Amino acid sequence: MNGQAPFAGWRVLELSNGIAASYCAKMFADAGADVVKVESEQGDSVRTWSAGGPPGALFGYLAAGKRSVVDVDPGEISALLAGADLVLTDLTDGWTLDDITARTGSSAVVVAVTPFGTTGPYVDDQVAANEFVLQALCGSIAGRGWPGDEPVQAGGRLGEWLAGSFAAAVAAATGRHALRSGRGEVVDVSTYEAMAIGMGGLSAMSASVLGPDSLLYGRSLELPSIVPTADGMVGFCTITAQQFQDFLVMIDRADLVDDDELASFAGRAQRRDEFLGMVTRWTQARTTQEIVDIAVAFRIPVAPIATPEMLPKVDHFVERGVFVESQAGVLQPRVPYRSDAIATVTPGRPPQLGADNGRVHWPPRPGRRPVADPGALPLSDIRITDFTAFWAGPVATQLLGALGADVIKVEGVRRPDGLRFAGGRPPSWDQWWEWGPVFLCSNSNKRGISVDLATDAGRAIALELVAAGDLVIENFSPRVMANFGLEWDAVSEANPRAIMVRMPAFGLDGPWRDRVGFAQTMEQATGMAWMTGHADGPPVIPRGVCDPIAGLHAAFAAVAALVIRDRSGAGMLVESTMVEAALNVAAELVVEHSRNGIQLRRSGNRGPGAIPQGVYPCRGDDEWVALAATDEGARASLAGMLGQPELRGPDWQDRADEIDKLISDWAARHSVDHAVETLRAAGVAAARVTPAAALLDDPHLLARGFWETVDHPVAGSFRCTGMPFAFAGRPRRWIHRIPPLYGQHTDEVLTGVLGRGEADLAELRESATISTRPAGL
């Protein structure tokens, strides 16, 4: 089969000045869309975000293959808006939604990605925020570091990339529906809400389900995580109890396997000096490669800590061809999904500012004959057989389910989704497997069935579901589906129209194919950890953001495959790897090093686009204010507050440590609320470093309907994350179906979808092929 570009023929207009909407547009350009970028006469600020001089390396990555038009001729821009299928905007450079929607056609989809969304108290109050301040607000910064130490941001502006990924997935689905139904959509995406889900939300979910004293993470760092070796650094991840026991055996401390205190994270934190001492004594006596080889043999998630220089040389990435050279001669990660049926675009050159003025002619789209219900949710015509577990895969299917797909989640009788058992209730509780907070908040909009896939009868059920559906999504290590006899050959034989999206950690081939990998491993292996932490300290993992990023890229790839199937009628296999999705959003490290020889690295709470920027302790117990001065006006106001009106231009950079001390002295005299109020009144972006549990009562999130109440038959009533976007003119309710009890819908699906009779069901129960209770509990 010859590959097709999914979005060939789509006209995408980008009105943005930053990362989020631009990355969203890049994903469409990679998949064949004609993307025209509208810029002010000064150009996108990302053009100059480089120590190597303009055009910035990051801009080259984001804008490759796009066309550039400078917004100087209102008639030209109006014509582009009238001819666009998809408009992606961050509402900078003076644009408003009313300006845009007044000039687009009735079938156009408009997606706005803004810090707080387009409505709500923080918008009404004109609260200023960059990525750093949003990290403070969303609970991300508050949870990273040890109590008593300065908490630290996640490096690399990951929240903006996360928001852009959410925007791309929803834009693809709504765009497909608009082309079929003739009805456009206005989508309001909030970066803050995306970050509340993907960067601060795990602890908020825990507090919502289990109560405020049961945070999944207080201020902490993982143990074990990143430690020095004889020749570098290595990162571990021990999610399960078995992995931690194996880790103790690996470091020659089998004598501690029965130490109940060390078995708990809280116990390790109390004894962290002792624990880290025994770990580093073992690791520093061995090379990184020796340690990786040993850990892989123990099936412990492990990775060398990637630096900008070493990333393109990693054997797995080299063998799989993960990094490609753009037409501009810059090395960058390739598109993070692959299929013989999908053609993607070789990275081109970034456009010169305004190079395409007068050269883009998009006639208005004619009215379309609807082939779908205009009022239906975008994916209401799709059924998904969902074999995913933990967080990355369920994020993908949850999003697709929120957008209308019928998602049937398949859990093993002997191997349920592991998140059911994570961070919830102890085994002494009745139905304790129904309390996992992250499971509950990432598995709404699904019907849940239990099937023992290791049996012939269970495999037959799985293949019948495949035959009755459109998409199959799984995120096991590659050998698992092979063991079940459910690889692509079996799926395509059961349903030639089926699309199978596989989400292995590292890929279906390559030296790391069979390695175990969680989000923490991806953050260690892709440079995200290298960019996080204090300048004089070790790398720190951002903690978890790779899971939703991987899920969102897989959802985008799934919709791209559906668009091709709409044209061809044929199914296809799609590989969407977790590590390559992470590499795409961490690409700045590689492109800066390739183009300019610059090795970016962590710098604590400082960062580009704002100076000063940091967190400072206020009066009270562990209360911190985050601030970012993003322009000269903010710096002048801050200088006056500090009693240093003479501070000018280069002083802020040259005297950065001294100024941090002045701000710390000022903040220490005030409560955090007073500090935030004073700074905002002076035009300085500021926020409390907010504990994650406080998100549940955040007035802006509540006003926008971000939290949706779930009444669960076991866990009771709790607030749950919905989606970080709203459709204009539609009620905001993304949870159409509460997360399923284990095996809750088995009978319903087997009879209603597969046509099985009661006698069949009785036989399947008798043989333990299906069950309403996980085996062995």
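Everything below is about the structure shown above.
Thresholds applied
- Residues numbered from 1 in each chain as written.
- Predicted model: local features only at pLDDT ≥ 70, side-chain atom pairs only at ≥ 80, totals over all residues.
- Heavy atoms only, no water.
- Helix = DSSP H or I, 4+ residues; strand = E, 2+ residues; numbered from the N terminus.
- Buried < 20%, exposed > 50% of the residue type's maximum accessible area, 1.4 Å probe, protein only.
- Contact = heavy atoms within 4.5 Å.
- Salt bridge = Lys/Arg side-chain N within 4 Å of Asp/Glu carboxyl O.
- Pairing = 2+ DSSP bridges.
- Axes fitted to C-alpha atoms, helices over the stretch in contact; angles between N-to-C directions.
- Core = buried A, V, L, I, M, F, W, Y, C linked by side-chain atoms within 4.5 Å.
- Polar contact = N/O pair within 3.5 Å; in protein donor to acceptor, adjacent residues only side chain to side chain.

**A closer look at the overall build of the chain**
And then number 1: A tally of regular secondary structure across the chain gives 31 helices and 24 strands.
And then number 2: Across the 777 residues that make up the chain, the buried fraction comes to 60%.
And then number 3: Long-range pairs, those at least 24 residues apart, make up 75% of the contacts in the chain with a sequence separation of at least 6.

**Description of the pattern of salt bridges**
And then number 1: A complete count under the given rule lists 54 salt bridges for this structure.
And then number 2: Arg 414 is the partner of Asp 452 in a salt bridge, and the nearest nitrogen-oxygen pair spans 3.1 Å. Pair noted here: Asp 452 is in the loop between strand 15 (446-450) and helix 18 (456-467) and Arg 414 is in the loop between strand 14 (406-411) and helix 17 (437-440), with a separation of 38 residues, a long-range link.
And then number 3: Residue Arg 414 is classed as exposed on the basis of its relative accessible area of 58%.
And then number 4: Among the charged side chains, a salt-bridge network with shared partners connects Arg 320, Arg 334, Arg 338, Asp 509, Glu 575 and Glu 580.

**Let's talk about the sheet that holds strand 21 (residues 685-688)**
Sheet strands associate in pairs through backbone hydrogen bonding, adopting either a parallel or an antiparallel arrangement.
And then number 1: The strand order across the open sheet formed by three strands is 19-20-21, and the pairing between neighbours is antiparallel. With one partner strand each, in any of the chains shown, strand 19 (613-617) and strand 21 form the two edges of the open sheet. On average, each strand axis in the sheet is inclined to that of its neighbour by 20 degrees, with strand direction left out of account.
And then number 2: Direction of pairing for strand 20 (residues 624-628) relative to strand 21: antiparallel, over a ladder of four bridges. Looking at strand 21, one finds that Leu 627 is bridged to Ala 686.
And then number 3: Along the sheet, helix 27 (residues 656-668) makes contact with strand 19 and strand 20, crossing strand 19 at roughly 40 degrees.
And then number 4: Packing of helix 28 (residues 672-681) onto the sheet brings it into contact with strand 20 and strand 21, and relative to strand 21 it is tilted by some 165 degrees.

**A word on the nonpolar core**
And then number 1: Among the nonpolar cores identified, the biggest contains 143 residues, and Phe 7, Phe 28, Val 111, Leu 400 and Phe 725 are the most heavily contacted of them.
And then number 2: Broken down by element, this core gets its largest block of residues, 15 residues, from helix 22 (residues 546-568).
And then number 3: If we skip the residues at most four places from it in the chain, Phe 725 touches Phe 166, Val 170, Val 187, Asp 188, Val 189, Glu 193, Leu 399, Leu 403, Arg 732 and Trp 734.
And then number 4: With 27 residues, the next largest nonpolar core counts Val 451, Leu 463, Val 466 and Val 480 among its residues.

**Quick notes on the environment of Arg 543**
And then number 1: Assignment of secondary structure puts Arg 543 in the loop between helix 21 (519-525) and helix 22.
And then number 2: Taking the C-alpha atoms as reference points, Arg 543 and Ala 285, separated by 258 residues in sequence, lie 27 Å from one another.
And then number 3: A distance of 2.8 Å separates a polar side-chain atom of Arg 543 from the backbone oxygen of Gly 143.
And then number 4: There is a polar contact of 3.0 Å between the side chain of Arg 543 and the side chain of Ser 220.

**A few points about the pairing of strand 22 (residues 707-712)**
And then number 1: Pairing between strand 22 and strand 23 (residues 716-721): six bridges, direction antiparallel. When the bridges of strand 23 are listed, Trp 707 appears paired with Thr 721.
And then number 2: Hairpin connection of strand 22 to strand 23: three residues between the antiparallel strands.

**Re the environment of Phe 323**
And then number 1: Looking at the secondary structure, you find Phe 323 in strand 10 (residues 323-325).
And then number 2: Counting along the chain gives 188 residues from Phe 323 to Pro 511, while the straight-line C-alpha distance between them is 16 Å.
And then number 3: Excluding residues within four positions of it along the chain, Phe 323 makes contact with Leu 311, Pro 312, Phe 317, Leu 331, Gln 332, Pro 333, Leu 583 and Val 590.

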